[in-house]
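Chain by chain, the residues:
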Amino acid sequence: MRKRIFAVLTVLTMALSMIGCQSESQADTPVATNAPAEDVTKEPEAEATEAPVVEPTATPEPTATPEPTATPEPTATPEPTKAPEPTATPEPTKAPKPTATPKPTATPKPTKAPVQKETDASLFSYYLTDEGAWITDGLKGEIGKELIIPKKIDGHPVVGIETWDFVGNKTLERVVIPEGVKYLNPIIGGTFAGCSNLKEIVLPSTMREMGPSIFRDCSSLKSIVIPEGVTEMRSEMFRGCSSLTSVTLPGSIGVIGTGMFQDCTGLEYVKLSDGVEEIFHEAFWGCTSLKTIEVPASVSFIHEDEYRGKKYTPFDDCRKDLCFITPAGSYAEQWVLDHGFQVENK
């Protein structure tokens with residue numbers, strides 16, 4: 001706006017200056033007298049040309065200073081969020097009352113072995129000796145799968161069994177011979193021969209003598225414990241017991257009789273305890289599975305048979321890799337080396 005006013009004033013000043021110059025030129029011209037006028041042809045005065053008024057170039061209006069943008073109103077400071085009220089501290093849970101220490105359970109008293117019901121004594125025939133009763137032939141009824149020899153018959157202690165009443169019994173599975181019995185058919189033998197389903201037999205610690213072939217062909221019998229104190233076991237005692245896998249014989253027997261384990265095809269391990277002195281011929285014939293036999297230093301003779309010029313040992317038809325475990329320097333070791341079997345010293 002100021003620039004526009006300044007421009008107008010400038011134009012007015014220039015116009016006034018030009019008018020003043022014209023006035024001064026008219027005052028200097030002389031006044032005409034009455035003298036004859038010269039016929040002077042007046043040239044027309046040149047009209048003073050007005051100097052063109054040059055309008056000053058309009059000073060461009062200054063660009064309006066942009067109004068300062070309004071400072072944005074500060075956003076309202078958000079009210080501080082109220083701190084959440086602290087949750088109430090939970091009351092500490094009460095420690096559970098210690099449970100009462102349970103009273104130690106009373107150690108159970110060892111259960112007594114169930115009393116085994118003896119086979120009815122009235123079924124047996126017997127005869128008496130100075131030592132007591134001997135069961136003999138003349139069974140008076142059936143005995144079923146289990147035979148438990150009675151300790152007494154008619155008040156007489158049973159000391160011996162001498163009968164063939166059980167030979168070939170296919171029903172019998174278990175036999176228990178009670179304490180006090182000393183003799184099991186020591187002369188005739190064969191008491192339980194052919195009992196093909198007999199799986200278990202329990203012998204008493206009082207047993208002393210057992211005759212030949214007592215358990216011959218008991219093909220289901222898998223194990224048996226011969227008690228220490230037995231002094232005599234006759235020939236072929238276990239012949240044909242094909243399920244028997246291992247056996248330990250006490251030193252008290254002294255002698256392994258002829259054919260005692262013949263054809264026990266499942267037998268794998270035999271231990272002869274210290275005190276055994278002799279092994280008779282055919283004792284282990286046909287024991288095709290026998291892998292190991294322990295022979296003590298007490299063995300002093302292993303019998304051999306000779307028939308038609310051929311010698312037979314107690315171990316014919318056994319495995320060629322049969323191993324004898326025996327003390328170094330013993331009779332048995334030398335015998336084993338002489339007959340080509342394997343030996344391991346203990």
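Scroll up to find the structure.
Keep in mind the model is a prediction, meaning the values are calculated, not measured. Throughout, residues of each chain are indexed from 1 in the direction in which the sequence is written. Per-residue local features of the predicted model are confined to residues with pLDDT of at least 70, and side-chain atom pairs are confined, for both listing and counting, to 80 or more; whole-chain, interface and lining totals are unaffected and use all residues. Water and hydrogen atoms were dropped before computing side-chain values, which therefore reflect all heavy atoms in the structure.

Brief notes about the sheet that holds strand S11 (residues 246–249)
- A pair of strands is labelled paired if DSSP reports no fewer than 2 bridges between them. Counting from the N terminus, the helices are DSSP H or I runs at least four residues long and the strands are E runs at least two residues long. Across the sheet, five strands lie side by side as S11-S13-S15-S19-S20; this open sheet has parallel pairing. Each of the sheet's edge strands pairs with one partner strand only, and the pair in question is S11 and strand S20 (342–345). Between one strand and the next, the sheet's axes are offset by a mean angle of 15°, whatever the strand orientation.
- By the bridge criterion, four bridges tie S11 to strand S13 (residues 269–272) in an arrangement that is parallel. Counterpart to valine 247 in the pairing with S13 is valine 270.
- Note on contacts: a residue pair is in contact if any heavy atoms of the two residues lie within 4.5 Å. Whenever a helix is involved, its axis is fitted only over the stretch in contact; in every case the axis is a line through C-alpha atoms, and angles between N-to-C directions fall within 0 to 180 degrees. Sitting on the sheet, helix H2 (residues 331–338) touches strand S19 (323–326) and S20, and the angle it makes with S20 is about 155°.

Digging into unusual backbone geometry
- For serine 213, which is not a glycine, the phi torsion comes out positive at approximately 55°.
- Remark: exposure states derive from per-residue accessible area (1.4 Å probe, protein chains only) relative to the maximum for the residue type, with buried under 20%, exposed over 50%, and partly exposed in between. By relative accessible area, serine 213 is classed as buried at 16%.
- Positive phi, close to 60°, is recorded for aspartate 217, a residue that is not glycine.
- For aspartate 217, the location among the structural elements is in the loop between strand S9 (209–210) and strand S10 (232–233).

Here's the deal with the sheet that holds strand S3 (residues 146–148)
- Pairing within the open sheet is parallel, and its three strands lie in the order S3-S6-S8. Since the sheet does not close on itself, it has two edges, and those belong to S3 and strand S8 (200–202), each with one partner. On average, each strand axis in the sheet is tilted by 5° relative to the strand beside it, whichever way the strands run.
- As paired elements, strand S6 (residues 174–176) and S8 share three bridges and run parallel to each other. Bridge pairing links valine 176 to valine 202 in S8.

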